[in-house]
Protein chains: 2
Amino acid sequence: MKTPDTLGFANGRYDRAAYFRDQPEELAALARRPDARTFVFCGDVPVIARQGEALDPLFPTRDYPGAGSDQDMIFLGLDSGAPRFAVEIPAQLTEPLNLQEDVVLIDQRSVATQDLFDGATHGAMATAKALMFWHRTHGFCGQCGKPSVVAKAGWQRNCPACGAQHFPRTDPVVIMLAVDGERCLLGRQGRFAPGWYSCLAGFVEPGETIEAAVRREVKEEADIEVGAVDYLFSQPWPFPESLMIGCLAEATSEAITVDTSELEDVRWFSREDVRLMIAGTHPDGLHVPVRMSIASHILNVWANGGGEPARTDWQMATSK
Amino acid sequence: MKTPDTLGFANGRYDRAAYFRDQPEELAALARRPDARTFVFCGDVPVIARQGEALDPLFPTRDYPGAGSDQDMIFLGLDSGAPRFAVEIPAQLTEPLNLQEDVVLIDQRSVATQDLFDGATHGAMATAKALMFWHRTHGFCGQCGKPSVVAKAGWQRNCPACGAQHFPRTDPVVIMLAVDGERCLLGRQGRFAPGWYSCLAGFVEPGETIEAAVRREVKEEADIEVGAVDYLFSQPWPFPESLMIGCLAEATSEAITVDTSELEDVRWFSREDVRLMIAGTHPDGLHVPVRMSIASHILNVWANGGGEPARTDWQMATSK
């Protein structure tokens, strides 16, 4: 199925131009170009330029908030030919930046949920955020324990001590809607906002196919058996570094047993329930996840035959 | 599409029974059961019991070749209720084991290519191999550089120094057949056996959907544009720790430019070419990958409408 336009982070359209990654001189020249821009993250929070109501996540590559000489720039690629980078500045700058009138720090999830920018920009920011998390948590070589160094414009780390090369990590996660005829299986974690239900999900384990992971997770979390599995679409999810793999799953049993170590509740919902939940008009105040989520898009395929999920009140769903 | 029965490593059917992973006493009791068995890897090479022509990859959990008191057992799950583990013994035992009549060391790829065991066993061995590679290359905490320790029966590592928890890594890889009407795009790496061609493939990068990764890789490696992408099936690939995501891709351009840093050749092949290559009867001595590979299964869907790929001579394809 075609990737929906409204699926968050999934419509990055930069030319990654990976051949530049191992050409430091070319990269330096790209960074000096007048049309070059960089995204800035303070710790893991995007820094956004603000002028009145207008927000802009891009800064000049040599004059951005918190600019320092020792910051590694990640090369994200070319946006219609214009070079794009990302840089992380120390989280300690949060307070001084919060005092500045011309910038605002907006959590990445809110940036996407509020759909502040275009799809290409959301995709680029998701890429940057996932890479930065990887660098932050992989400063030391897993093989020998010595400090590793950034290489290839942020797309690799090398260990000078043992010679190991390390590559960014992306964790495949299955997220699925188990369907039994006219009803589907949704669950809620205790940390969800009240009334909010979502698709079941879990990490693909070593030695598993996507389909096997779908079956295991639905069985583990709800004790429901799954037959056929159909892949729908996928979504990069930089919280912190996942690839969400969205599927429909044929439920072949009925009696639910909730794995209470993972979920607070799992229930069958009718197609009409789900339609009302997507529209934000369910009489019991039930909701599905925010519009940009893959869960809401999977539900929309099943309940409404696809298209754009209604724009529900994002603040309700993220209030907790 | 249903996972083909002949797709290597993809038909693991153990109940992973993950709830046992954090119950050390229960696990010890499982390991003592008379029906408990363990896979043994010498370094990363499977150790197989041999009695005449009969091969068996399973050993008693307390009496296996190279058994030592300090070896961490990975709990793989239950095979029709019987507990199954995996253990790695030092690579230095290779020579003495090679002198033993009753065991044989067979490289994991050959085990699968020769289809020595059933699907459940191949799946379990792939799981074990990927986990062991992860442990071998992640003995130190990426966050602080101190030694980490095995936890949860081999499914986690914890850092006693900084408290970080680490989980097994699985790298999503797209592998795709780009199709332009009656012809399809195949490439060969220099390290392939002569005459062997395969689907293009590459790692999914942070911030990418599966579909975006397919488009980027085909563009990078062959300069061919891709429109629609259809997912077919997936395969765990423990060399060392990938999840292969198999797709058909609609080619929307014709002129190939080979990325010679990655591939020796990329060409269009007719459907009839591919049929003959799958059958092992191509007049020019051209071949597709071994039967258990996802590439051969993707090609078989396109050229023959699915089913089991012919059993070609595995030695030919792996001779180099």
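On a predicted model such as this, the values are computed, not experimentally measured, just so you know.

Moving on, we come to the sheet that holds strand β10 (residues 165-166) of chain B. Residues and elements named next belong to chain B. Ordered in space as β8-β9-β10, the three strands form an open sheet in which the pairing is antiparallel. Strands with a single pairing partner mark the edges of an open sheet, and in this sheet they are β8 (149-151) and β10. In this structure, strand β9 (residues 156-158) lies alongside β10, joined through two bridges in antiparallel fashion. Paired with Asn158 across the strands is Gln165, a residue of β10.

Quick look at the side chain of Asn11 of chain B now. If you trace the backbone, Asn11 of chain B turns up in the segment before α1 (24-32). A distance of 3.3 Å separates a polar atom in the side chain of Asn11 of chain B from the backbone oxygen of Asp5 of chain B.

Next up on the list: the sheet that holds strand β9 (residues 156-158) of chain A. Residues and elements named next belong to chain A. What the three strands build is an open sheet, ordered β8-β9-β10; its pairing is antiparallel. Across the chains shown, the open sheet's two edge strands, defined by having one partner strand only, are β8 (149-151) and β10 (165-166). Here helix α4 (residues 119-137) sits on the sheet in contact with β8, β9 and β10, set at roughly 15° to β9.

Low-confidence regions, as indicated by low pLDDT, have predicted coordinates that should not be scrutinised in detail. Confidence in the prediction of chain A, expressed as mean pLDDT, is 94, and 97% of residues score 70 or more. Both scores are given for the predicted complex: the pTM is 0.96, the ipTM 0.95.

This brings us to the relation of the copies chain A and chain B. Expressed as a screw transformation, the operator carrying chain A onto chain B has a rotation angle of 180° and an axial translation of 0.0 Å, and the superposed copies differ by an RMSD of 0.0 Å. Given the turn and translation reported, the copies of this chain are related as if by a two-fold rotation axis. The C-alpha atom lying nearest the rotation axis in chain A is that of Gly145 of chain A; the distance is 2.1 Å.

Before going further, it helps to spend a moment on unusual backbone geometry. Residue and element names in this part refer to chain A. Residue Pro240 follows Phe239 across a cis peptide bond; omega there is 0°. Non-glycine residue Ala17 carries a positive phi angle of around 40°. When you line up the elements, Ala17 lands in the segment before α1 (24-32). Taking relative accessible area as the criterion, Ala17 reaches 2% and is therefore assigned buried.

What follows concerns the side chain of Thr38 of chain B. Structurally, the position occupied by Thr38 of chain B is in strand β1 (residues 37-42). In this structure the side chain of Thr38 of chain B is engaged in a polar contact, spanning 3.4 Å, whose partner is the backbone nitrogen of Ala86 of chain B.

Opposite the 43 residues of chain A that make contact, chain B presents 43 residues. Taken together, both faces of the contact between chain A and chain B bury some 3,500 Å²; the carbon and sulfur share is 54%. A per-residue breakdown of the area chain A buries against chain B is headed by Arg169, Pro206 and Tyr231 of chain A, which together make up 17% of the total. Seen at the junction of chain A and chain B, the total is six salt bridges. Residue Arg21 of chain B pairs with Glu205 of chain A through a salt bridge whose shortest N-O separation is 2.8 Å. Here chain A is connected to chain B by 24 residue pairs in polar contact (both at pLDDT 80 or more). Of all the elements in the fold, those that place two or more residues in the side of chain A that touches chain B are α4, α5 (210-222), β14 (226-237) and β15 (242-251) of chain A. The dominant element in the side of chain A that touches chain B, judged by the number of residues it contributes, is α4 of chain A, at six residues. Class assignment of the residues belonging to the side of chain A that touches chain B gives a composition of 21 nonpolar, 14 polar and eight charged.

On to the pairing of strand β5 (residues 74-79) of chain B. Residues and elements named next belong to chain B. Counting buried residues in β5 gives five out of six residues, a clear majority hidden from the surface. As defined by bridge partners, β5 adjoins strand β6 (residues 82-89) across five bridges and the pair is classed as antiparallel. From the neighbouring strand, Phe75 faces β6, where its bridge partner is Phe85.

Next up on the list: the pattern of salt bridges. With the rule as written, the count across this model stands at 38 salt bridges over all chains. A salt bridge links Glu254 of chain A to Arg183 of chain A, with the nearest nitrogen and oxygen atoms 3.4 Å apart. Highlighted residues: Glu254 of chain A in the loop between β15 and β16 (265-270) and Arg183 of chain A in strand β12 (residues 183-188), separated in sequence by 71 residues. Using a relative accessible area of 53% as the deciding quantity, one classes Glu254 of chain A as exposed. In this structure Arg183 of chain A comes out as partly exposed when scored by relative accessible area, which is 25%. In this structure, Glu208 of chain B and Arg216 of chain B form a salt bridge, with 2.4 Å as the shortest nitrogen-oxygen distance. Look at Glu208 of chain B and you get buried, because its relative accessible area is 4%. The buried category is assigned to Arg216 of chain B, whose relative accessible area is 11%.

It is worth spelling out α1 of chain B at this point. Residue and element names in this part refer to chain B. Along α1, the residues classified as buried are Leu27, Leu30 and Ala31. Angularly, the buried residues of α1 cover 100° about the axis, an arc narrow enough to put them on a single face. Facing away from the buried side of α1 by more than 90 degrees, the exposed set consists of Glu25 and Arg32. Here the buried face of α1 lies against β5 and β6.

A word on the packing of helix α6 (residues 271-279) of chain A against helix α7 (residues 294-304) of chain A. To describe two helices that pack against each other, one gives the angle between their axes and the distance between the axes. Residue and element names in this part refer to chain A. Packing of α6 against α7 leaves a shortest axis separation of 9 Å and a crossing angle of 130°. Relative to α7, α6 is oriented oblique. Our pair here, α6 against α7, has a crossing hand that is left-handed. In this structure, α6 uses Arg271, Val274, Arg275 and Ile278 to contact α7, whose residues at the interface are Leu299, Asn300, Trp302, Ala303 and Asn304. Partitioned by chemical class, the residues of the contact of α6 with α7 number five nonpolar, two polar and two charged.

With that settled, consider α7 of chain A. Quick reminder: α-helices carry 3.6 residues per turn. Residues three or four places apart thus point the same way. Residues and elements named next belong to chain A. α7 sits mainly inside the fold: 10 of its 11 residues count as buried. Taken residue by residue, α7 has Ile294, Ala295, Ser296, His297, Ile298, Leu299, Asn300, Val301, Trp302 and Ala303 as its buried positions. Looking at the packing, one finds that the buried side of α7 touches β11 (171-180), β12, β14, β15, β16 and α6. One or two positions beyond α7, positive phi appears at Gly305, with a value near 75°.

About the thresholds
Residues numbered from 1 in each chain as written. Chains lettered and ligands numbered in written order. Predicted model: local features only at pLDDT ≥ 70, side-chain atom pairs only at ≥ 80, totals over all residues. Heavy atoms only, no water. Pairing = 2+ DSSP bridges. Helix = DSSP H or I, 4+ residues; strand = E, 2+ residues; numbered from the N terminus. Polar contact = N/O pair within 3.5 Å; in protein donor to acceptor, adjacent residues only side chain to side chain. Contact = heavy atoms within 4.5 Å. Axes fitted to C-alpha atoms, helices over the stretch in contact; angles between N-to-C directions. pLDDT = per-residue confidence, 0-100. Least-squares fit on C-alpha atoms with pLDDT ≥ 70 in both. Buried < 20%, exposed > 50% of the residue type's maximum accessible area, 1.4 Å probe, protein only. Buried area = accessible area lost by both parts, 1.4 Å probe. Salt bridge = Lys/Arg side-chain N within 4 Å of Asp/Glu carboxyl O. Nonpolar A, V, L, I, M, F, W, Y, C, P; charged D, E, K, R; others polar. Arc of directions from axis to C-beta. Parallel < 35°, antiparallel > 145°, perpendicular 65-115°, else oblique. Left-handed = near helix turned anticlockwise from the far one by under 90°.

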